[in-house]
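Take a look at the letters that make up each chain.
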Amino acid sequence: MYSLSGRTAIAGIGATEFSKDSGRSELRLAADAVFAALDDAGVAPAEVDGLVTFTQDANDEIAVARETGIGELTFFSRVPYGGGAACGTVLQAAMAVATGAASTVVCYRAFNERSGSRFGRPSTGLGAEPSSLGAEMSWHVPHGLVTPAAWVAMVARRYMHAYGATSEDFGRVAVAMRRHAATNPAAWFHGRPITLEEHQRSRWIVEPLHLLDCCQESDGAVALVVTSAERARDLRHRPAVVTGAVQGSGAGQMMMTGFYRGDMTGLPEMGVVARGLWEMSGLAPADVQTAILYDHFTPFVLLQLEELGFCARGEARDLVAGGGIELDGGLPVNPHGGQLGEAYIHGMNGIAEAVRQIRGTAANQVTGVHNVLVTAGTGVPTSALVLSTP
Amino acid sequence: MTTVEPAVHRRLAELAERRIELGETRGLPAADPVNLPMIRHWAEAMGDTNPAYTDEEFAAAGPHGEIVAPPAMIQVWTMPGRGGGRPAPTPIDDVLAALDEAGFTGVVATDCRQTYHRYLRLGERPVPGTRLSGMTGPKTTALGLGYFVTWVITWYVADEPVAEMMFRVLKFRPPERGPAAAARDPYPLRPAVGRDTAFFWEGVRQGELRIQKCAGCGTLRHPPGPVCPSCRSTERAHVVASGRGEVFSYVVHHAPPVPGLATPFVVAVVQLPEGVRIVGNVVECEPAKVEIGMPVRVTFREMDDEFVLPVWSPAES
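Chain B appears in an unreviewed UniProt entry as DNA-binding protein from Sphaerisporangium rufum.

Under an unreviewed UniProt entry, the name given to chain A is Lipid-transfer protein, and the organism recorded is Sphaerisporangium rufum.

Novice: Can you walk me through the UniProt feature "domain: Thiolase C-terminal" (unreviewed entry) in chain A in this structure?
Specialist: Under the UniProt annotation, the feature "domain: Thiolase C-terminal" (unreviewed entry) is placed at residues 263–385 of chain A. Between the end C-alpha atoms of residues 263–385 of chain A there is a gap of 27 Å, over a span that is 37% helix and 10% strand.

Novice: What am I meant to see in the pairing of strand 8 (residues 210–214) of chain B here?
Specialist: Strand residues, when the strand is regular, have side chains that alternate between the two faces of the sheet. Residue and element names in this part refer to chain B. For strand 8, a buried count of four out of five residues is recorded, marking the element as mostly surrounded by other parts of the structure. Of the strand pairs in this sheet, strand 8 and strand 10 (residues 236–240) are connected by five bridges, and their pairing is antiparallel. Among the inter-strand pairings, glutamine 212 is bridged to a residue of strand 10, identified as histidine 238. Examined bridge by bridge, strand 8 and strand 9 (residues 220–221) share two bridges and lie antiparallel to one another. The residue of strand 9 that forms the bridge with glutamine 212 is arginine 221. With antiparallel pairing between neighbouring strands as the criterion, strand 8 and strand 9 make up a hairpin whose turn holds five residues, including glycine 218 at a positive phi of roughly 85°.

Novice: How should unusual backbone geometry be read in this particular structure?
Specialist: Trans is the prevailing form of peptide bonds, just as negative phi is the prevailing case for residues other than glycine. Across the junction of histidine 222 of chain B and proline 223 of chain B, the peptide omega takes the value -5°, indicating a cis bond. Tracing the backbone through its elements, the reader meets proline 223 of chain B in the loop between strand 9 and strand 10. Cis rather than trans, the peptide bond between threonine 263 of chain B and proline 264 of chain B has omega equal to -5°. The backbone phi angle of methionine 256 of chain A is positive, close to 70°, even though this residue is not glycine. Inspection of the secondary structure puts methionine 256 of chain A in the loop between strand 8 (240–248) and helix 9 (268–281).

Novice: Would you mind going over the nonpolar core with me for this structure?
Specialist: A general tendency of soluble globular proteins is for nonpolar side chains to be buried together. Formed by 145 residues in total, the largest nonpolar core has its most connected members in Ile10, Leu305 and Ile351 of chain A. Among the elements that line this core, the one with the most residues is helix 5 (residues 148–163) of chain A, at 10 residues. Leave out the neighbours within four places in its chain, and isoleucine 10 of chain A touches Val90, Leu224, Val225, Val226, Pro239, Ala240, Val242, Ile351, Val355 and Leu387 of chain A. Core analysis: the next-biggest nonpolar cluster, separate from the first, contains 39 residues, Val8, Trp77, Leu120 and Val162 of chain B among them.

Novice: Help me out: how do you make sense of the interface of chain A and chain B in this one?
Specialist: Interfaces are often described in size by the accessible area the parts lose on coming together. Between chain A and chain B, the contact holds 37 residues from the first and 40 residues from the second. Here chain A and chain B share an interface that buries about 3,100 Å² over both sides, 66% of which is from carbon and sulfur atoms. The tally of links from chain A across to chain B stands at zero salt bridges. At the surface where chain A touches chain B, the tally comes to 14 residue pairs in polar contact (both at pLDDT 80 or more). Every element with two or more residues in the side of chain A that touches chain B is listed here: helix 5 and strand 5 (204–207) of chain A. Looking at the side of chain A that touches chain B, its residues break down into 19 nonpolar, 11 polar and seven charged. As judged from the two bridges shared by strand 5 of chain A and strand 11 (residues 244–253) of chain B, these two strands associate in the antiparallel manner. Bridged to glutamate 207 of chain A within strand 11 of chain B is valine 252 of chain B.

Novice: What should I look at first to understand the domain arrangement of chain B in this one?
Specialist: Structurally, chain B comprises domain 1 (6–172) and domain 2 (182–314). Relative placement of domain 1 of chain B and domain 2 of chain B: their C-alpha centres are 46 Å apart.

Novice: Sorry if this is basic, but what is going on with the sheet that holds strand 5 (residues 127–140) of chain B here?
Specialist: Within a sheet, neighbouring strands are paired by backbone hydrogen bonds and run either parallel or antiparallel to one another. Residue and element names in this part refer to chain B. Across the sheet, five strands lie side by side as 1-5-6-7-3; this open sheet has antiparallel pairing. In this open sheet, the two edge strands, each paired with only one partner strand, are strand 1 (25–26) and strand 3 (106–116). Here strand 1 runs beside strand 5; their pairing, made up of two bridges, is antiparallel. Within strand 5, the residue paired with arginine 26 across the bridge is glycine 129. Contacts from helix 1 (residues 6–22) reach strand 5 and strand 6 (145–157) within the one sheet, and its direction differs from that of strand 5 by about 155°. Strands strand 1, strand 5, strand 6 and strand 7 (160–172) of the sheet are contacted by helix 5 (residues 91–101), whose axis makes an angle of about 30° with strand 5.

Novice: Would you mind showing me how to read the sheet that holds strand 11 (residues 382–388) of chain A here?
Specialist: Residues and elements named next belong to chain A. With mixed pairing, nine strands are arranged side by side in an open sheet as 3-2-4-7-1-8-11-10-9. Each edge of the sheet is formed by a strand with only one pairing partner; in this case those strands are strand 3 (75–79) and strand 9 (290–292). Across the sheet, the mean angle separating the axes of adjacent strands is 25° when strand polarity is ignored. Two strands pair when backbone bridges link them, and strand 2 (residues 50–54) and strand 4 (residues 104–112) are joined in this way by three bridges, in the parallel orientation. Within strand 4, the residue paired with valine 52 across the bridge is cysteine 107. Taken strand by strand, helix 1 (residues 26–41) contacts strand 1 (8–15), strand 4 and strand 7 (219–228), and its axis lies near 130° from that of strand 1. Together, strand 8, strand 10 (371–375) and strand 11 form the strand contacts of helix 9, whose direction differs from that of strand 8 by roughly 145°.

Novice: Whenever I open this one, the packing of aromatic side chains confuses me. Can you help?
Specialist: Each aromatic ring pair is characterised by the separation of its centres together with the angle its planes make. Considering all chains together, one arrives at 13 aromatic pairs over all chains under this definition. Ring centres of phenylalanine 111 of chain A and tyrosine 344 of chain A lie 6.1 Å apart, and the angle between their planes is 20°; this geometry places the pair in the stacked category. Taken together, the residues phenylalanine 111 of chain A in strand 4 and tyrosine 344 of chain A in the loop between helix 12 (338–341) and helix 13 (348–359) connect sequence positions 233 residues apart. Seen from their ring centres, phenylalanine 200 of chain B and tryptophan 201 of chain B are 5.0 Å apart, and the 80° between their planes marks the pair as edge-to-face. Neither phenylalanine 200 of chain B nor tryptophan 201 of chain B differs from the other in exposure class; each is buried. Ring pairing ties together the aromatic residues Trp139 of chain A together with Tyr187, Phe200, Trp201 and Phe307 of chain B, which thus form one cluster. It is arginine 109 of chain A that lies over the ring of phenylalanine 54 of chain A; its NZ or CZ is 5.0 Å from the centre. In this structure, arginine 26 of chain B is placed above the aromatic ring of tyrosine 156 of chain B, and the distance from its NZ or CZ to the ring centre is 3.7 Å.

Novice: Help me out: how do you make sense of the packing of helix 5 of chain A against helix 10 (residues 299–307) of chain A in this one?
Specialist: The geometry of a pair of packed helices is captured by two quantities: the angle between their axes and the separation between those axes. Residue and element names in this part refer to chain A. Contact geometry of helix 5 with helix 10 gives a least axis separation of 10 Å together with a crossing angle of 60°. Our classification of the angle between helix 5 and helix 10 gives oblique. Here helix 5 and helix 10 pass one another in a crossing that is left-handed. On helix 10, the residues touching Val152, Val155, Ala156 and Tyr159 of helix 5 are Pro299, Phe300, Leu302, Leu303 and Glu306.

Novice: What's the story with the pattern of salt bridges in this structure? I'm lost.
Specialist: Pairs can form between side chains of opposite charge once their charged atoms are near each other. Enumeration according to the criterion identifies 30 salt bridges over all chains in this entry. Aspartate 40 of chain A is paired through a salt bridge with arginine 359 of chain A; the nearest N and O atoms lie 2.7 Å apart. Residue aspartate 40 of chain A is located in helix 1, and its partner arginine 359 of chain A is located in helix 13; the two are separated by 319 residues in the primary sequence. What makes arginine 359 of chain A buried here is its relative accessible area of 12%. Of the charged contacts, one joins aspartate 304 of chain B and arginine 190 of chain B as a salt bridge, the two residues approaching to 2.8 Å between their closest N and O atoms. Separated by 114 residues along the polypeptide, aspartate 304 of chain B in the loop between strand 14 (295–302) and strand 15 (308–314) and arginine 190 of chain B in the loop between strand 7 and helix 6 (198–205) bring together distant segments of the chain. Taken together, the shared-partner salt bridges in this structure form one network comprising Glu66, Arg118, Arg121, Glu124 and Glu160 of chain B.

Novice: What's the story with the environment of leucine 387 of chain A in this structure? I'm lost.
Specialist: Residue and element names in this part refer to chain A. Following the sequence through the fold, leucine 387 ends up in strand 11. Separated by 16 residues in the primary sequence, leucine 387 and asparagine 371 place their C-alpha atoms 5.7 Å from one another. Contact partners of leucine 387, with chain neighbours within four places excluded, come to Ile10, Ala240, Val241, Val242, Thr243, Ile351, Ala354, Val355, Ile358, His370, Asn371 and Val372.

Thresholds, definitions, all that
Residues numbered from 1 in each chain as written. Chains lettered and ligands numbered in written order. Predicted model: local features only at pLDDT ≥ 70, side-chain atom pairs only at ≥ 80, totals over all residues. Heavy atoms only, no water. UniProt positions renumbered as here; feature names shortened; annotations may be inferred. Helix = DSSP H or I, 4+ residues; strand = E, 2+ residues; numbered from the N terminus. Buried < 20%, exposed > 50% of the residue type's maximum accessible area, 1.4 Å probe, protein only. Pairing = 2+ DSSP bridges. Core = buried A, V, L, I, M, F, W, Y, C linked by side-chain atoms within 4.5 Å. Contact = heavy atoms within 4.5 Å. Buried area = accessible area lost by both parts, 1.4 Å probe. Salt bridge = Lys/Arg side-chain N within 4 Å of Asp/Glu carboxyl O. Polar contact = N/O pair within 3.5 Å; in protein donor to acceptor, adjacent residues only side chain to side chain. Nonpolar A, V, L, I, M, F, W, Y, C, P; charged D, E, K, R; others polar. Domains from an automatic or database assignment. Axes fitted to C-alpha atoms, helices over the stretch in contact; angles between N-to-C directions. Phe/Tyr/Trp six-rings, centres within 6.5 Å; stacked < 30°, edge-to-face > 60°. Lys NZ or Arg CZ within 6 Å of the ring centre and 35° of its normal. Parallel < 35°, antiparallel > 145°, perpendicular 65-115°, else oblique. Left-handed = near helix turned anticlockwise from the far one by under 90°.

Below is the structure:
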C-alpha cells in the first residue's frame, strides 16, 4: 500500500517576532515569515509552486505570492476549522509534493490576533438563513456560550467530574509551559515563570478556567517550507522528515461544542488522528522523545495525552503531577513554552519548534530526539504530525 | 426588588382595612337619564340588534311592555366623562394613590364580574355606590411584585339595587431594568433561524420545548437537522419534551463581558430524560450552588418583545 510516510520533509522554518502589537499589516507579517522560511531553507521564491494556509487566514495565496515574488503556482489549498488546521497545512503540502502537484510548498499563518481581531472576544454575529456553522452556533450563542474558553470549560468540568481532576491539575500544565518559556528567548513570557499559587489566584475567566489556563493572544506569523525528502537532503539544514501527517474529525463533530456526543470526557477527533498517526508512522507513543501539544487551554493538554496513548484515561493528571511533561520528564511537552508561554500563532509556531528539536537547535533542546509529535487545535476537526530525523 | 419593606406593607394594609370599614360611598347620579339615543349608539357600536332596546312597537309588545336598556350598559350611565369635573371620591382612591406612592405604579385589570337585578327603563337615573372589598398581597406575579385590590360598585335607582360589579386590579412594581431587559432593548444574542430549526423557536414562543423526531424511524435528535442520519428520511416531526432535565456539565462565565447578559452567568449542558442534551442557562440559582446531576426544569423567558429563550431552574428531584 502506498504511504505518505517519509516521502516529504520540512526544509525551512521562518517566523516574525511574537508581540502584542506588530505595527504592520497581516500581509506584511505573512511576507516576512515566508521570506524567513525560504532563506532558512536556502530556496528562492521562484522555486515555490504551492501555498497552503488556514481558511481563517486573511491573506490570500495570490497576495502572498505577489508580495514575495513567488510567481506561478500550481497548487493552493486551505484547511478549515481554526487551529485544527495547523498540521493539516503540512499534510496538504506533503500530499501535493508526493503526488507531483507541486514541488515546493510553503505553509503560512499570519495574523494580528492581539492588536486586531481577537478570538477571545464573544462572537455573536449570526445571519438570517444560516450557514451550517451559523445553525450550530445558534444552539449556544443565545445562552451566552460564545467564547473558546467557555466551550473548553464545559468539557473540562465534565472531565473533572468523571476523573476527579482539579483546577490545580490544569494549573500544573500552565506552570510547566511558563517554566519552559522562561528559558526560550523567542517566547513572549521569556524570563517570566509562574507558580501554582499564582495560577490559583488568577481571576476566573469561565469557571473552571482561570486566566492562567488560557493561552495568550499574539501578533505574528510562521511559515514552513515543505518539499520532497530527497531534495530536502540537499538543502541547508537537516530535514525534518514527515513520518506521519493526519487529519481527523470525530463522529458527531461540532466546532468546539461537542456536547451532544459520548461522555464528554475526551477529544474524539484527536482519537481519530492518533490512530491514523501511529499507523502511518509505524511508531508508538514510546518512540516519541518530545511532543508539541496544542495548548490553547490547559485542560485539553491532559485530554490529548490520553487520546494519543501516552497514558490511560483519567491518568494524565498523575503523569503531569509527576513531572512527566517537564523538560527532564519522560515526555517533555512544548519545550518552547507552547502557546501558553511562547506565542499563539494557531499552532504553527509549535511545528517550527518540532523542526528545531529534530535539527538539534532548539532553545530548550531535548537530548536524543528522533521523533517529535505535533498536534493542532482540538475541540474542532484537527490534525497532527510526526516529524523524524532522516 | 422582590420584597415589600415591612413598614410600607403595614401602612398599606392598615389603610385598606380602614377603607373597608368605611363601607359604601355613594357617588353622583348619572349625568343623563337612561335615554334612547345613547342606547342606540351603544347597541350599534356593539352590534347588538335586539329590537327590544330600540324599537318602540316591538318593545311594547314584549315582556317589558316598553323600551329597556341593555344591562351591560350599566357602567356607561355613570362613567365620568373625559372633560367633566372631578368624579366623586370613593374609598378606592386613597388606596390606589398610596400604592402608587409605594412604587406599585403599574396597573392591570384582572377580574370584572357584573350581576344584573333588573332592566333599566328610559328616564331612570342610576346612582353608583362604591365599597372596597379587599386588598391582598404582596404577591409575586409575572409582571412584578404587587397587590390585588378588589372593589364592588352597586347601582341604585331610588334605593333599589339594580346591578353590581366586582372589579379587581393588580397594582405592581414594574421590575427594575436589569441588563437583560433594559427598556426592552432587542436582545443581542439572537439565533440564526432557518428552515431546519424554525420549529424549535416557534415551540419556544408557545412555551414548548420541542425535540426533533424523525417521522420515518422515530429517532429523537438535538440539535436538529434536515435529514435523519439513521434512516435518511426528510420527514421531520417533533415531540414536546417533558421539561425536566439534569445538569450534565456547566460553566460560570465571568469574562469577557457578553452583550445582553450580566456576569457571572451559568450555562449548562442539560441531559433530558428523552435522551438528548441541550444547552441553556441555569437561572434562579446561585452559580456556586449549581452542580452536575442537579435536577432542573425548563421555563421560558422573554428576552425582549419578540424573543423567548428556554432557561432552566432548579427542580425537586
